[in-house]
Every structure is written in C-alpha cells, then in structure tokens.
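Spelled out from the first residue to the last, the chains are:
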Amino acid sequence: MIALISKNRPIWIITVGFILVITTLTVMALVGLQEVESIRKKAAMLAKEHLFTAKLVDSLEQEQQRAGAILVGTIRVNSDSQSRLRILAELDSFDQRLPLLIQEGKHSLPSAIWLDLEDSAKAYSREVRQALESKNATKPNVDLLEFRYEKLVHLLGQIIK
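What counts, and where the lines are drawn
Residues numbered from 1 in each chain as written. Predicted model: local features only at pLDDT ≥ 70, side-chain atom pairs only at ≥ 80, totals over all residues. Heavy atoms only, no water. Phe/Tyr/Trp six-rings, centres within 6.5 Å; stacked < 30°, edge-to-face > 60°. Helix = DSSP H or I, 4+ residues; strand = E, 2+ residues; numbered from the N terminus. Buried < 20%, exposed > 50% of the residue type's maximum accessible area, 1.4 Å probe, protein only. Contact = heavy atoms within 4.5 Å. Core = buried A, V, L, I, M, F, W, Y, C linked by side-chain atoms within 4.5 Å. Salt bridge = Lys/Arg side-chain N within 4 Å of Asp/Glu carboxyl O. Axes fitted to C-alpha atoms, helices over the stretch in contact; angles between N-to-C directions. Parallel < 35°, antiparallel > 145°, perpendicular 65-115°, else oblique. Left-handed = near helix turned anticlockwise from the far one by under 90°. Nonpolar A, V, L, I, M, F, W, Y, C, P; charged D, E, K, R; others polar.

Colleague: Help me understand the packing of aromatic side chains, please; the structure alone is not making it clear to me.
Modeller: Summed over the entire model, instances satisfying the criterion amount to two aromatic pairs. When the centroid spacing of 5.9 Å and the interplanar angle of 75 degrees are considered together, the rings of Phe 94 and Tyr 124 count as edge-to-face. Here Tyr 124 lies in helix α4 (residues 113-133) and Phe 94 lies in helix α3 (residues 81-108), a separation of 30 residues in the sequence. Their ring planes at 45 degrees and their centres at 6.1 Å tell us that Tyr 124 and Tyr 149 sit as a pair that is tilted. Of this pair, Tyr 124 sits in helix α4 while Tyr 149 sits in helix α5 (residues 139-160), placing them 25 residues apart in sequence. Joined through ring pairs, the aromatic side chains of Phe 94, Tyr 124 and Tyr 149 make up one cluster.

In structure tokens form, the structure reads like this:
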C-alpha cells in the first residue's frame, strides 16, 4: 500500500490540492453571499431612512410656508372677524402639525436644534395670537412677530440642510 501511495504521490497531491481549492472557493462563495445579503439589507435601510428624511423635510418646508402665510395674514388682517378666524384656523393647524414633525425629527435625527425649534414655534404662535387679539397690530408687535418668524425660519433652514 505504501508503495502504491508513493508511486501515485503526484496524483494524491493534486487531488488533495484540488479538494482544498474547491473547499476554499465554496467557503468564499458562502461568505460572499452573506455579504451580498448584508449589503442588500443596509441598502434597504438607507433607502427607508432617505424616504423618511425626504418626507420630513417636505413637511417642514410646508410648515415653513404656512408660517409665512400666517405672518402675512396677521400683518394684513383687517377688522373683520372672518379673516381673523381663518388665520387662527391656520395657526391651529400649524400648532398641531409642527410639534408632531418635531417629535418625529427628535426620534430619527437626534439634535438639540429640535428643542430650539419647538421653543421658537411656541413663541411665534404666542406672538401671532397676541397680535390677532389686539385690535390693531402696532409696529412693535409686527417687529416682534417678524423677529419670531425669522428665528423660526432660520432653525427650519438649519434642519432642512
């Protein structure tokens, strides 16, 4: 038997080498398949996060536009109660929608800027309500309202970037 192995030694070496190569290629293929699956899962997760972020940014931009419309409406409001009620309805919608967006943002994109935005939105809303409650929006009220609006827009702009 030993004579048979030594006589066919090159064939045994080639056979063992071939088996090692096939085994190595099989293991590498399995590792490659696992990597492909991992990459696929990560790509799906990134796509989901991107979609969520795009929706959040779009919603924040809509609320920014709503805040601008509220500001213009508050400055131009006339004495009729219909226009005041319309602006207050828009403000109520703004007050309901923006905090929800802020909560979503806090969970997905943690940052201290969300707290600043929340405070700024509350201050802006409070100033609009005060301006609408007064019979005539005096110049200081309008200036303060514009200041609150600009701060709100600045924070929204930082988040949207």
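Colleague: Can you walk me through the side chain of Ser 59 in this structure?
Modeller: Checked against the element boundaries, Ser 59 lands in helix α2 (residues 9-76). Given a relative accessible area of 11%, Ser 59 falls into the buried group. Residues within four places of Ser 59 in sequence aside, it is in contact with Arg 97 and Leu 101.

Colleague: When you look at the nonpolar core in this model, what are you seeing that I'm missing?
Modeller: Note that soluble globular proteins tend to have their nonpolar side chains buried in a common cluster. Counting residues in hydrophobic clusters, the biggest one holds 26 residues, and the most contacted among them are Leu 60, Phe 94, Leu 98, Trp 114, Leu 117, Tyr 124 and Leu 152. Looking at this core, the elements with two or more residues in it are α2, α3, α4 and α5. The biggest single contributor to this core is α4, with eight residues.

Colleague: Would you take a moment to explain the pattern of salt bridges for this structure?
Modeller: Side chains that differ in sign of charge can pair as their charged atoms come close. For the structure on display, the rule yields six salt bridges. With a closest N to O distance of 3.5 Å, Glu 90 and Arg 66 form a salt bridge. A residue pair is termed long-range when its members are at least 10 positions apart, and Glu 90 in helix α3 and Arg 66 in helix α2 qualify at 24 residues. One network of salt bridges, with partners in common, ties together Glu 63, Arg 66 and Glu 90.

Colleague: Hey, could you run me through the packing of α2 against α4 in this one?
Modeller: Packed helices, taken two at a time, are described by their axes: the angle between them and the distance between them. Direction vectors running N to C along α2 and α4 enclose 25 degrees, while the axes themselves pass 11 Å from each other. On the basis of the axis angle, α2 is roughly parallel to α4. Crossing of α2 against α4: the hand is left-handed. Counting all contacts with α2, which are made through Leu 56, Leu 60, Ala 67, Ile 70, Leu 71 and Thr 74, the residues of α4 involved are Trp 114, Tyr 124, Val 128, Ala 131 and Leu 132. Counted by class, the contact of α2 with α4 contains ten nonpolar, one polar and no charged residues.

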